[in-house]
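Below are the chains, spelled out letter by letter.
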Amino acid sequence: MRIGLFSKLISAFIVLVTFSLFLPVLEIANTDVLLASATFLYGVLYGFEISIVLGNFSQLKSLLAIENASLTSIFHLSQLIGGQFAKQVEIKIEKYLKKSIDVPLSNHLVDTNKEFFEIFDPLKTVKVDGDEQTAALNYINEGLYYIPQSRTQIAQVAPRDVDPPEWAMLLILAFILVATLLLGREANLVSQLSAAIFATTVIGSLLLLDEVDSNRIQEARLEYEVFNETLVAMGKEKYYPEEALKTGIVKLSKT
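Residues numbered from 1 in each chain as written. Predicted model: local features only at pLDDT ≥ 70, side-chain atom pairs only at ≥ 80, totals over all residues. Heavy atoms only, no water.

*Asks:* Pulling in residues and values, what's your account of the overall build of the protein?
*Replies:* When helices and strands are tallied, the protein shows 10 helices and 0 strands. Helices (α) and strands (β) of the protein occur, in sequence order from the N terminus, as α-α-α-α-α-α-α-α-α-α. Taken over the C-alpha trace, the protein has a radius of gyration of 25 Å; the compact-globule value for 255 residues is 18 Å, which it surpasses by more than 25%. Referenced to the eigenvectors of the C-alpha coordinate spread, the extents of the protein come out at roughly 85 × 40 × 25 Å. At a minimum sequence separation of 6, the contacts of the protein that also span at least 24 residues come to 79%. For the protein, the exposed surface amounts to about 14,100 Å²; the carbon and sulfur share of it is 62%. Charged side chains in the protein number 21 positive and 29 negative. The centres of these two groups are separated by 8 Å. (Helix = DSSP H or I, 4+ residues; strand = E, 2+ residues; numbered from the N terminus. Rg over C-alpha atoms; globule rule 2.2 N^0.38 Å. Contact = heavy atoms within 4.5 Å. Areas by Shrake-Rupley, 256 points an atom, 1.4 Å probe, with all protein chains shown as cover. Lys, Arg positive; Asp, Glu negative; His and termini not counted. Charge placed at Lys NZ, Arg CZ, Asp CG, Glu CD.)

*Asks:* A description of the packing of aromatic side chains should follow, citing residues and the corresponding values.
*Replies:* Remark: the centre distance and the inter-plane angle together describe each pair of aromatic rings, the angle taken between the planes. Across all of its chains, the model carries 7 aromatic pairs by this definition. An aromatic cluster of at least three residues, connected via ring pairs, comprises Tyr96, Phe116, Phe117 and Phe120. Between the NZ or CZ atom of arginine 151 and the centre of the ring of phenylalanine 116, over which it lies, the distance is 4.5 Å. (Phe/Tyr/Trp six-rings, centres within 6.5 Å; stacked < 30°, edge-to-face > 60°. Lys NZ or Arg CZ within 6 Å of the ring centre and 35° of its normal.)

*Asks:* Just give me the short version of the side chain of glutamate 225, but keep the residues and values in it.
*Replies:* As for its position among the elements, glutamate 225 is in helix α9 (residues 219-233). Engagement of the side chain of glutamate 225 in a polar contact is seen with the side chain of lysine 238, the distance being 3.4 Å. (Polar contact = N/O pair within 3.5 Å; in protein donor to acceptor, adjacent residues only side chain to side chain.)

*Asks:* Describe the pattern of salt bridges, listing the residues and the values that go with them.
*Replies:* Summed over all chains, the structure comprises 14 salt bridges. The shortest N-O distance in the salt bridge between glutamate 90 and lysine 236 comes to 2.5 Å. Residue glutamate 90 is found in helix α3 (residues 83-102), and its partner lysine 236 is found in the loop between α9 and α10 (242-246); the two are separated by 146 residues along the sequence. On the basis of relative accessible area, lysine 236 is assigned to the partly exposed category, the value being 23%. One salt bridge connects glutamate 242 with lysine 246, and the closest N-O pair in it is separated by 3.2 Å. (Salt bridge = Lys/Arg side-chain N within 4 Å of Asp/Glu carboxyl O. Buried < 20%, exposed > 50% of the residue type's maximum accessible area, 1.4 Å probe, protein only.)

*Asks:* Tell me about the environment of glutamine 149, and name the residues and values.
*Replies:* Relative to the helices and strands, glutamine 149 resides in helix α6 (residues 131-157). Between the alpha carbons of glutamine 149 and valine 17 there is a distance of 49 Å; along the sequence they are 132 residues apart.

Set out below in structure tokens:
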């Protein structure tokens, strides 16, 4: 079962309160200087990383919306042409959407290339009659021209951005901050609770960065629901991998 961000924060707070209540108080020389230096470096590095990660996350949501809106349009436009062409397009798009749900977003481009380019196959033999069908086919071609751009951009923003060396620096600075807060506190309840709260904030900021960087913060929405909304718009049933149901990422309504 996947543990959520809130549960992680509560667990971290309980552990840190326990440490703050029972760890010995040490006289650390130049505590203020150490805290100020570590806080400044942590703030600069963390601010840089979180701004990039949040930018990628925001762009990822926009790109997924564009891709799925284009697929929905292509499906409905193909219905204007009708016949075997519309049926083939419907089958190919459904197959592509289900494959997109099966694979993680970090591998979205590579692992769905085959299914995506199969959508182009019906265009090789389609014949249109009349201005309405000709216009519909032109819009379909335009949509299929722009979707690969969104797919390529998704491949750039979906994978993790924070590399191990950057995580190492953040973790070292966070450890210095937490250790200084807990060991340099005063021996009274207010100081102990304050130290635990500030230490939890430091840990929580790292947990948040990890959640956003890995796209887990809205995993059910981004990995499954966005594509399922397109399936529903096509008149299909929602599709979920068995693993997503077992781990609790997706919770189906009992009604």
